[in-house]
Amino acid sequence: MRAAARIAFAFALVLIAACSGGATNNGAATVGGGADGTGDGAADGATIEAIPSGDGGPSLDTTALSLVSIGALDQPVDAASRTGDAAVYFVSRSGTIHRFVDGAFIATPALDITDLTVGEGERGLLGLAFSSDGSTAYLNYTNLAGDTTIASVAVRSDGVFDRATMTTLLEIEQPFRNHNAGDVVVEPSGTLLVPMGDGGSADDPLRVSLDDSSLLGKVVRLDPRDRSTTVLAKGLRNPWRVDLYGNQLWLADVGQNEWEEVSVLDISRASASGVSNPVDFGWSAYEANERFNQDQSSPRHVPPVFAYRHGDDGCSVSGGAVATRGALRNRYVFADYCSGRLWSIATDNAKPAASLHFDALDSPSAVVRAADDIFVLSLSGTIWRLRG
């Protein structure tokens, strides 16, 4: 199982086959994908109760914690919300974005770019974020050549994207099919944060992650006004999902042979360091805290705040977002695709211990926050909302 997981990221098709014995199907059906982009999944309203846990400290009461199925979508990978809009926008890897309003999906997609991307393996429409006023959406997708594309598109008052306004802001060539990362985050200033994987294959074969001349393996700040870029961090393998919480960017970085990592980038410190001194998370000189490629050097290696070894806990981290309310308020919530486990860690502890809340979820591909809710997205189609 681990050999396949080292090569393919959490939701890649090869990993689905390889890890099928590692996670128990809890009732979510195999994704179907109707004409409107919605898919099969667990019945709406189906509930999974949390595992009783007592390792999160005396103030962590999770007795009322549960996951509630709210619907299904073909290959859901991200979600976002915008100012002045009650809808939550869910992203289908196949190339569509769907509005979820009043407990149901709107039948017509808010955006369809299925002619610009192919949703397979680790490619497709992968990330969505909105400007602070909600008038502009930012997309992260792989184009038909397989290269990372960051684009902007205007959003009408009714929530429909005006595709005629779609503008490419940045393209980054991808040498292999995997490790595309895929997220995009909007900072309060209006600039974008784009996490990038190391280009793919395995073991960082092109040695780009620590190479300052490449945007691969980096956290890139992109200014949509002039399309300028600044590298804030390097030494990343495949930071699939990230979450900006205050001045901290939480990154779930999918590991290689032995370790899955959660790292934190202090945006204020990274910005002050300047272009010539990006924060260094170590890959591929290090995998977590262990030396990996001996020909790579990382003297300023910043270790992860949390890491777990491949085994019963899984083999592919599915990050990750900080809860802003409820029992897990101010805790970072993340899962593992292979094991189906979901944990949380404290955000105010330099060496946090993980509290396990759910086990054997069906192929959790991402944990995201939208409209102050935490959603767990299953590649099988089910979308769960964290309750309690």
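So, how was this worked out
Residues numbered from 1 in each chain as written. Predicted model: local features only at pLDDT ≥ 70, side-chain atom pairs only at ≥ 80, totals over all residues. Heavy atoms only, no water. Helix = DSSP H or I, 4+ residues; strand = E, 2+ residues; numbered from the N terminus. Buried < 20%, exposed > 50% of the residue type's maximum accessible area, 1.4 Å probe, protein only. Contact = heavy atoms within 4.5 Å. Areas by Shrake-Rupley, 256 points an atom, 1.4 Å probe, with all protein chains shown as cover. Phe/Tyr/Trp six-rings, centres within 6.5 Å; stacked < 30°, edge-to-face > 60°. Lys NZ or Arg CZ within 6 Å of the ring centre and 35° of its normal. Salt bridge = Lys/Arg side-chain N within 4 Å of Asp/Glu carboxyl O. Pairing = 2+ DSSP bridges. Axes fitted to C-alpha atoms, helices over the stretch in contact; angles between N-to-C directions. Core = buried A, V, L, I, M, F, W, Y, C linked by side-chain atoms within 4.5 Å. pLDDT = per-residue confidence, 0-100. Polar contact = N/O pair within 3.5 Å; in protein donor to acceptor, adjacent residues only side chain to side chain.

> What exactly am I supposed to notice about the overall build of the chain here?
Along the chain, the regular secondary structure elements total three helices and 29 strands. Taken over 388 residues, the chain has a buried fraction of 60%. Sequence-distant contacts in the chain: of pairs separated by 6 or more residues, those separated by 24 or more amount to 56%. When the accessible surface of the chain is totalled, it reaches about 14200 Å², and 48% of it is carbon and sulfur.

> For this particular structure, what's the right way to read the packing of aromatic side chains?
Each aromatic ring pair is characterised by the separation of its centres together with the angle its planes make. This structure, assessed with the given rule, holds 14 aromatic pairs. Summarising the aromatic geometry, the rings of Phe130 and Phe161 are spaced 6.0 Å apart at their centres and angled 65° between planes, so their arrangement reads as edge-to-face. Here Phe130 is found in strand β8 (residues 125-130), whereas its partner Phe161 is found in strand β11 (residues 161-172), with 31 residues between them in sequence. Joined through ring pairs, the aromatic side chains of Trp250, Phe306, Tyr308, Tyr332, Phe334 and Trp343 make up one cluster. The side chain of Arg241 reaches across the aromatic face of Trp240, ending 3.7 Å from its centre. Positioned above the aromatic ring of Tyr286, the side-chain terminus of Arg291 is 5.3 Å from the ring centre.

> Whenever I open this one, the pattern of salt bridges confuses me. Can you help?
A pair can form between side chains of opposite charge whenever their charged atoms are brought close. Here the structure, examined in full by the defined rule, presents 18 salt bridges. Arg221 is paired through a salt bridge with Glu187; the nearest N and O atoms lie 2.8 Å apart. Within this pair, whereas Arg221 is found in strand β14 (residues 219-222), its partner Glu187 is found in the loop between β12 (185-186) and β13 (192-195), the two being separated by 34 residues in sequence. Residue class for Arg221 comes out buried when judged on its relative accessible area of 18%. Classification of Glu187 by relative accessible area gives buried; the value is 7%.

> Where do I start with the sheet that holds strand β28 (residues 373-378) in this structure?
Pairing between the strands of a sheet is mediated by backbone hydrogen bonds and can be parallel or antiparallel. Read across the open sheet, the five strands follow the order β1-β2-β29-β28-β27; overall the sheet is antiparallel. This sheet does not close on itself; its edge strands, each paired only once, are β1 (47-49) and β27 (364-370). Between one strand axis and the next, the sheet turns by 25° as a mean value, whatever way the strands run. As defined by bridge partners, β27 adjoins β28 across six bridges and the pair is classed as antiparallel. By the bridge assignment for β28, Ala370 is matched with Asp373.

> Quick question: what am I supposed to make of the nonpolar core here?
Inside soluble globular proteins, nonpolar side chains tend to come together where they are buried. One finds Phe90, Ile97, Leu128, Leu139, Phe161 and Phe375 to be the most contacted residues of the largest nonpolar core, which totals 50 residues. Ignoring anything within four residues of it in the chain, the contact list for Leu139 reads Ile97, Leu111, Leu125, Gly127, Leu128, Thr149, Ile150, Ala151, Phe161, Met166 and Val184. Residues Ala42, Ala321, Leu328 and Leu361 belong to the second largest nonpolar core, which totals 18 residues.

> Help me understand the confidence of the model for the chain in this model?
Any region with low pLDDT has predicted coordinates that should not be read closely. Scored by pLDDT, the chain has a mean of 89; 87% of the residues are at 70 or more. In this model residues 1-35 is a low-confidence stretch, pLDDT under 50, and it forms 93 contacts with partners more than four residues away in sequence or in other chains.

> What is the right way to look at the side chain of His98 in this model?
Within the secondary structure, His98 is located in strand β5 (residues 96-101). A distance of 2.8 Å separates polar atoms of two side chains, one belonging to His98 and the other to Thr96.

> Just checking my understanding: could you explain the environment of Ala104 for this structure?
Topologically, Ala104 is positioned in strand β6 (residues 104-105). Each C-alpha atom of the pair Ala104 and Gly71 lies 7.3 Å from the other, and the pair is 33 residues apart in sequence.

> Sorry, what's going on with the pairing of β13 here?
Strand residues, when the strand is regular, have side chains that alternate between the two faces of the sheet. Burial of β13 is two-sided: the residues Leu192 and Val194 facing one way and the residues Leu193 and Pro195 facing the other way are all buried. As consecutive antiparallel partners, β12 and β13 are separated by five residues, and within that stretch Gly190 has a phi angle of approximately 100°, a positive value. Across four bridges, the pairing between β13 and β14 is antiparallel. Within β14, the residue paired with Leu192 across the bridge is Leu222.

> Just to check I follow, could you spell out the environment of Ile51 for this structure?
Inspection of the secondary structure puts Ile51 in the loop between β1 and β2 (66-72). Its relative accessible area of 31% is what places Ile51 among the partly exposed residues. It is 8.4 Å that separates the C-alpha atoms of Ile51 and Thr63, two residues lying twelve residues apart in sequence.

> Could you clarify how one ought to interpret the sheet that holds strand β15 (residues 229-234) in this entry?
Spatial strand order, β12-β13-β14-β15-β19: five strands in an open sheet with mixed pairing. If you trace the sheet from one side to the other, it starts and ends with β12 and β19 (279-280), each paired once. Strand direction decides the pairing type here: β14 and β15, joined by four bridges, are antiparallel. Bridging across to β15, Arg221 finds its partner in Thr230.

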